[in-house]
Amino acid sequence: MGAAMRRIHVGNALSAFGLGFTVPYLYVYVAQVRGLGAVTAGLVLAVFAVAALIVLPFAGRALVRRGPLPVLLTALVMAALGALGLGLAGNVPAVLLAAAVLGAGQAVMQPALATMIVDCSSTETRSRAFATQFFLQNLGLGVGGLIGGHLVDTTRVSSFTLLFAIEAAMFLLLVVIMSTVRIPRSPRIGDAPARSAKGGWKQLLGNRAMVQLSVLGFVLFFACYGQFESGLAAFGVEAAGISTSALGTALAANTLMIVVAQFAALKFVERRRRSRVIAAVGLIWAVAWVVAGYAGLGHGSREMAAAAFVSTYALFGLGEAMLSPTVAPLVADLAPEGMAGQYNSAFALVKQLALAVGPAVGGPMGASLHAPYIVTFLLFSLGITVLALRLGRRLTAVQDQPWQARSRVVARAAAPVEPVVAEA
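Small disclaimer: the values here were computed from a predicted structure and weren't measured. (Residues numbered from 1 in each chain as written. Predicted model: local features only at pLDDT ≥ 70, side-chain atom pairs only at ≥ 80, totals over all residues. Heavy atoms only, no water.)

(A) Quick peek at the overall build of the protein chain. Looking only at helices and strands, one finds 19 helices and 0 strands in the protein chain. Taken over C-alpha atoms, the radius of gyration comes to 22 Å for the protein chain, in line with the 22 Å a tight globule of 424 residues would show. A buried classification covers 52% of the 424 residues belonging to the protein chain. When contacts within the protein chain are restricted to residue pairs at least 6 apart in sequence, those whose partners lie at least 24 apart make up 85%. Of the roughly 18,100 Å² of accessible surface on the protein chain, 68% is carried by carbon and sulfur atoms. Positive and negative charge centroids in the protein chain, built from 30 and 15 side chains respectively, lie 7 Å apart. (Helix = DSSP H or I, 4+ residues; strand = E, 2+ residues; numbered from the N terminus. Rg over C-alpha atoms; globule rule 2.2 N^0.38 Å. Buried < 20%, exposed > 50% of the residue type's maximum accessible area, 1.4 Å probe, protein only. Contact = heavy atoms within 4.5 Å. Areas by Shrake-Rupley, 256 points an atom, 1.4 Å probe, with all protein chains shown as cover. Lys, Arg positive; Asp, Glu negative; His and termini not counted. Charge placed at Lys NZ, Arg CZ, Asp CG, Glu CD.)

(B) Quick peek at the packing of aromatic side chains. The tally for this structure, following the rule as stated, stands at 16 aromatic pairs. Counting every residue linked through ring pairs, the aromatic cluster contains F218, F222, F235, W285, W289, F316, Y373, F377 and F380. Over the aromatic face of F268 sits the side chain of R272, whose NZ or CZ is 4.0 Å from the ring centroid. (Phe/Tyr/Trp six-rings, centres within 6.5 Å; stacked < 30°, edge-to-face > 60°. Lys NZ or Arg CZ within 6 Å of the ring centre and 35° of its normal.)

(C) Summary view of the confidence of the model for the protein chain. Chain-level statistics for the protein chain give a pLDDT mean of 83 and a share of 90% at 70 or above. This model gives residues 186–199 a pLDDT under 50, and the stretch forms 41 contacts once residues within four places in sequence are excluded. (pLDDT = per-residue confidence, 0-100.)

(D) Inspection of the pattern of salt bridges at higher detail. For the coordinates displayed, the defined rule picks out 4 salt bridges. Here E270 makes a salt bridge to R128, at a shortest N to O gap of 3.4 Å. Of this pair, E270 sits in the loop between α11 (244–269) and α12 (274–297) while R128 is found in helix α6 (residues 126–151), placing the two residues 142 residues apart along the sequence. R128 sits in the partly exposed class, given a relative accessible area of 40%. A salt bridge links R274 to D333; the nearest nitrogen and oxygen atoms lie 2.9 Å apart. Of this pair, R274 sits in helix α12 while D333 is found in helix α14 (residues 327–334), placing the two residues 59 residues apart along the sequence. R274 gets classed as buried once you look at its relative accessible area, which sits at 3%. Within the structure, one salt-bridge network assembled from shared partners comprises R126, R274 and D333. (Salt bridge = Lys/Arg side-chain N within 4 Å of Asp/Glu carboxyl O.)

(E) Here's a closer look at the side chain of S121. Tracing the sequence through the fold places S121 in the loop between α5 (92–119) and α6. Of note is the side chain of S121, whose polar atom sits 3.1 Å from the side chain of R126. (Polar contact = N/O pair within 3.5 Å; in protein donor to acceptor, adjacent residues only side chain to side chain.)

(F) Representation of the packing of helix α9 (residues 208–223) against α14 within the structure. At a closest axis distance of 10 Å, the pairing of α9 and α14 adopts a crossing angle of 160°. Considering the angle they form, α9 stands roughly antiparallel to α14. Crossing angle aside, the handedness with which α9 passes α14 is left-handed. Between α9 and α14, the contacting residues are A209, M210, L213 and L220 on the first element and V327, L330, V331 and L334 on the second. (Axes fitted to C-alpha atoms, helices over the stretch in contact; angles between N-to-C directions. Parallel < 35°, antiparallel > 145°, perpendicular 65-115°, else oblique. Left-handed = near helix turned anticlockwise from the far one by under 90°.)

(G) Layout of the nonpolar core. Formed by 115 residues in total, the largest nonpolar core has its most connected members in M178, L213 and W285. Beyond its immediate chain neighbours, meaning those up to four positions away, L213 contacts L330, V331, L334, F347 and L391. Listed in part, the 5 residues of the second largest apolar core include A52, A107, A348 and L349. (Core = buried A, V, L, I, M, F, W, Y, C linked by side-chain atoms within 4.5 Å.)

(H) Spotlight on a nonpolar patch on the surface. Residues L139, V143, L146, I147 and L151 make up a contiguous nonpolar surface patch of about 390 Å² in total accessible area. Secondary-structure assignment places L139 in helix α6. For L139, a relative accessible area of 36% corresponds to the partly exposed category. (Patch = residues over 30% accessible without salt bridge, like charges linked within 9 Å, V, L, I, M, F, W, Y side chains within 5 Å.)

(I) Main features of the environment of L355. Within the secondary structure, L355 sits in helix α15 (residues 340–368). Judged by relative accessible area, L355 falls into the partly exposed class, the value being 27%. L355 sits 132 residues away from A223 along the chain, and the two C-alpha atoms are 9.4 Å apart. Contact partners of L355, with chain neighbours within four places excluded, come to F221, Y225 and G226.

(J) Spotlight on the packing of helix α10 (residues 231–238) against helix α16 (residues 370–394). With their axes 11 Å apart at the nearest point, α10 and α16 run at an angle of 145° to one another. Relative to α16, the crossing made by α10 is left-handed. Contact residues: G231, L232, F235 and E238 in α10; H370, Y373 and I374 in α16. When the residues that make up the contact of α10 with α16 are grouped by side-chain class, the tally is 4 nonpolar, 2 polar and 1 charged. (Nonpolar A, V, L, I, M, F, W, Y, C, P; charged D, E, K, R; others polar.)

(K) How the structure looks around a positive patch on the surface. On the surface, a cluster of positive charge is made up of R208, R390, R393 and R394. At 3 residues, α16 tops the list of elements feeding residues into the positive patch. Along the polypeptide, R394 turns up in helix α16. Taking the relative accessible area as the measure of exposure, R394 reaches 37% and is therefore partly exposed.

(L) Region of the structure containing the side chain of S159. Relative to the assigned elements, S159 resides in helix α7 (residues 157–178). According to the relative accessible area criterion, S159 is buried, its value standing at 3%. S159 has contacts with L151, V152 and D153, leaving out every residue within four places of it along the chain.

(M) Representation of the environment of G366 in the model. Mapped onto the elements, G366 comes out in helix α15. For G366, a relative accessible area of 0% corresponds to the buried category. For the pair G366 and N138, spaced 228 residues apart in the sequence, the C-alpha separation amounts to 25 Å. When residues no more than four places from it in sequence are discounted, the contact partners of G366 are G231, A234, F235 and Y373.

This is the structure:
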């Protein structure tokens, strides 16, 4: 790992730390501490999503034209201003404006950092780089949430102001750190569809493999990430009678599984077809939904229901650990030369759409339509397997099996050696 990649990973960890530091307490801060009510708090969370959907299409073009580093630095400054604004805002317009600025900055950070990872890695090292990114992001979120929870006091506005000020300072520290990164040019897979080489959204949509991956990505985020704190949590509380402490344990089990299993999962998937790894994740998540169904619809004891619910989140974490070194590198390898930023932004846009729609659909279903909720998302998980296998037929051999790129290079380099030795 070079110096540039080390700084990028530090940036990922610190940005995740800042996110985990404040987001879990944002609803309480707006609704109760500032006394602006539940409706305003809900609008703030919606503004985060809307801001991301607005800026991400423009972020892709900026990443291609300006490069990822200037875009990242701009996003960090925006996020710092938004965080500081939230800490000081005392009325509805100020809170919504600050949330929009913070949400826009945070949304652009991810494709910018992902593009920097692409530029600082090769086909052979990219999966490990993205696995490390995901590991550090989850670690940062967990540590940030833990520390933030000990700093806040719902009876004192000043404790939340301090929290947001620390988050803003974290983003400004990142500006200093990332300003020192020198990004090399890295080789890309040469057999990506030629018609996508000119760039732009029209050419991206002409890349049928990328379109299929985007559809698959939407289902992935909709059926898993979009349910964690909405539909699945509501199902656990309403159908399974899960306590808030058990729900917290389940979320911790998800993070712990990722932290513990990430590099073991990486070793497992590195030499396997990417499409089949994603298909296997669909099957694992299908099992997770069956276990969740037992927790809420079975007739076991409360302890058995809680254990099953915690196991559901752990199984989701195992699938996430398998996806992190698979999906993001595949997006990068589908991108033609110089277009990684556009493709990363497009995929981030798909993710945001899924995260916006997922809670809206899953929340009411998980709270009231218990059996249909489980059946629906069990079918979505099986759909992931089907879509992944179909995507595999669209990918080239090197895109689906990236280790072949290295094998071919070694074989070509080794080929002329034998005649030379024979002649000698």
